[in-house]
Amino acid sequence: MPASELPRQAAPNDGGTSSRPSRDAYFDNAKLLATVLVVLGHTWGPLVGSPTEIRGVRALYLLVYAFHMPLFVMISGYFSRSFAQDASHPGRVRRLITSTLVPYLIFATAYQLYDNYRRDESDPIDLVTPFYLTWFLVALFVWRMSATVWLNLRAPVTVATAVMLASGAASLSGELDLARILQFLPFFVLGLTVRPEHLERIRDTRWLRPVAVLVFAVALIAVYRYAPQLPAGWFYRHSGHAQLDVSWGTWAVGALGLAAVALVLSVAFLALVPSKRNPFTPLATGTQYTYLLHGFIVQVALAYKFQNSPFVNSFAGLLTISALAVLATGMLASPPIRRLFGWAVEPRMGWAFTGARTGRSADTRPAAAGGTAAPSPASSART
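This write-up is about the structure you can find in this document. Worth saying up front: this structure is predicted, and the values here are computed from it rather than measured.

**Topic: the overall build of the protein chain**
- In terms of helices and strands, the protein chain carries 16 helices and 2 strands.
- By residue count, 50% of the 383 residues in the protein chain fall in the buried class.
- In the protein chain, 80% of the contacts between residues at least 6 apart in sequence involve partners at least 24 apart.
- Accessible surface computed for the protein chain: about 17,900 Å², of which carbon and sulfur atoms make up 65%.

**Examining the packing of helix α7 (residues 156-169) against helix α13 (residues 248-272)**
- Where α7 meets α13, the axes come as close as 9 Å, and the angle between the chain directions of the two elements is 140°. Classified by the angle between their axes, α7 and α13 sit oblique to one another. As for how α7 packs across α13, the hand of that crossing is right-handed. On α13, the residues touching T161, M164, L165, S167, G168 and A169 of α7 are W248, W251, A252, A255 and L256.
- In terms of residue class, the contact of α7 with α13 is made up of 8 nonpolar, 3 polar and no charged.

**Let's talk about the packing of aromatic side chains**
- Applying the stated criterion to the full structure yields 14 aromatic pairs.
- Residues Y114 and Y117 carry aromatic rings whose centres are separated by 6.3 Å and whose planes lie at 45° to one another, so their mutual orientation is tilted. You can see Y114 and its partner Y117 sitting in helix α4 (residues 90-119), 3 residues apart, about one turn around the helix.
- What makes Y117 exposed here is its relative accessible area of 66%.
- Grouped by ring-pair contacts, the aromatic residues W135, F136, W143, F184, F187 and F188 constitute a single cluster.
- In this structure, R180 packs its charged tip against the face of W135, placed 4.5 Å from the ring centre.
- Over the ring of Y26 we find R203; its NZ or CZ atom is 5.0 Å from the centre of that ring.

**Some words on the pattern of salt bridges**
- Summed over all chains, the structure comprises 6 salt bridges.
- Between D177 and R180 there is a salt bridge whose closest N-O contact spans 2.9 Å. Across this residue pair, the class does not change: D177 and R180 are buried.
- Across the pair D204 and R203 runs a salt bridge, and its minimum N-O distance is 3.8 Å.
- On the accessibility criterion, R203 (17% relative accessible area) is buried.
- Shared partners join several salt bridges into a network, and the residues in it are D115, R118, R119 and D123.

**Comments concerning the nonpolar core**
- Judged by nonpolar contacts, the single largest core of 92 residues is most densely connected at V73, F136, W143, F269 and L270.
- Top contributing element to this core by residue count: helix α2 (residues 55-78), with 16 residues.
- In this view, L270 contacts Y26, A30, L71, L199 and I202; residues no more than four positions away in its chain are not counted.

**Let's talk about the environment of F141**
- Here F141 is to be found in helix α5 (residues 135-145).
- Once you skip the residues sitting within four places of it in the chain, F141 turns out to touch L96, T100 and L101.

Definitions and cut-offs
Residues numbered from 1 in each chain as written. Predicted model: local features only at pLDDT ≥ 70, side-chain atom pairs only at ≥ 80, totals over all residues. Heavy atoms only, no water. Helix = DSSP H or I, 4+ residues; strand = E, 2+ residues; numbered from the N terminus. Buried < 20%, exposed > 50% of the residue type's maximum accessible area, 1.4 Å probe, protein only. Contact = heavy atoms within 4.5 Å. Areas by Shrake-Rupley, 256 points an atom, 1.4 Å probe, with all protein chains shown as cover. Axes fitted to C-alpha atoms, helices over the stretch in contact; angles between N-to-C directions. Parallel < 35°, antiparallel > 145°, perpendicular 65-115°, else oblique. Left-handed = near helix turned anticlockwise from the far one by under 90°. Nonpolar A, V, L, I, M, F, W, Y, C, P; charged D, E, K, R; others polar. Phe/Tyr/Trp six-rings, centres within 6.5 Å; stacked < 30°, edge-to-face > 60°. Lys NZ or Arg CZ within 6 Å of the ring centre and 35° of its normal. Salt bridge = Lys/Arg side-chain N within 4 Å of Asp/Glu carboxyl O. Core = buried A, V, L, I, M, F, W, Y, C linked by side-chain atoms within 4.5 Å.

What follows is the structure, given as structure tokens:
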């Protein structure tokens, strides 16, 4: 995620010449922990459905996918208000292009080239159909472009939910991953319209923390109990009723139920996020690098069929690859990686825009209330 879009809070003036904004450690910690869940989910995903599947892995995997993407989308909406409030400002447009469209073109091409190499094929590059984890960049661009519309509706969340339910009745093709854009839409609109004091209340209400622990414990027990019967396709939110082989009414009830579960688990997650800065908090500035780059590690591991290893499919192996996934989250967000891949993840394209200063965004005005940040994209493993 570009540094220019990070959540900030005012720092006290120390009597110097300026009062510089400081980062909000709470949102940094939330973003970093959620990114860890993304990497873990992609690491566990290949083990789900294997002949030697560990039941606990499937339970953990489904629990993570029940809420981590809705959570990311909601936070994206919360920090997209500036795009709606002043969408015509040149700096907003430039940042939207350089933080979503350009990285999408780069990484969608790179992932497809590697996939061709791995399969020894020469399929043409298809930039209309998002490949693997790049779909979220397209979705974020579409959602932010429509933000003004949602803020001007009388009941935006209700309308967005109706759009989601209508999408389940249609057989949408893979172009732009439109089905997933529409099914996650209510979460983006909810984040766009939620008030800052609501999030502050979740963060500052201490009794919510033990309740949150209990919520996750109950959820884990439930998903472990019913994991073999739970079809994972419901959790990816890219299929309508026909693809899941159920009636539209059944699909609608299931989609609304999963949305309610996602909201409860997201609130529980936010209640458990540390508010204070810790030694790992600075890594949050590089989570977009982790998101866009960790997929290559997973794809290389799949090429070597790591999921078929007896050790990986043991309890010790699960702990090992999970620890490696957490380590990779930090390493890919580190300053050396950011310097090496900054040209692709956070391209500076002042040369491409009229009136822009090279290397810097032309949008130098103070951020709108609530900030202008968006979380690093997160994605499902089954894309």
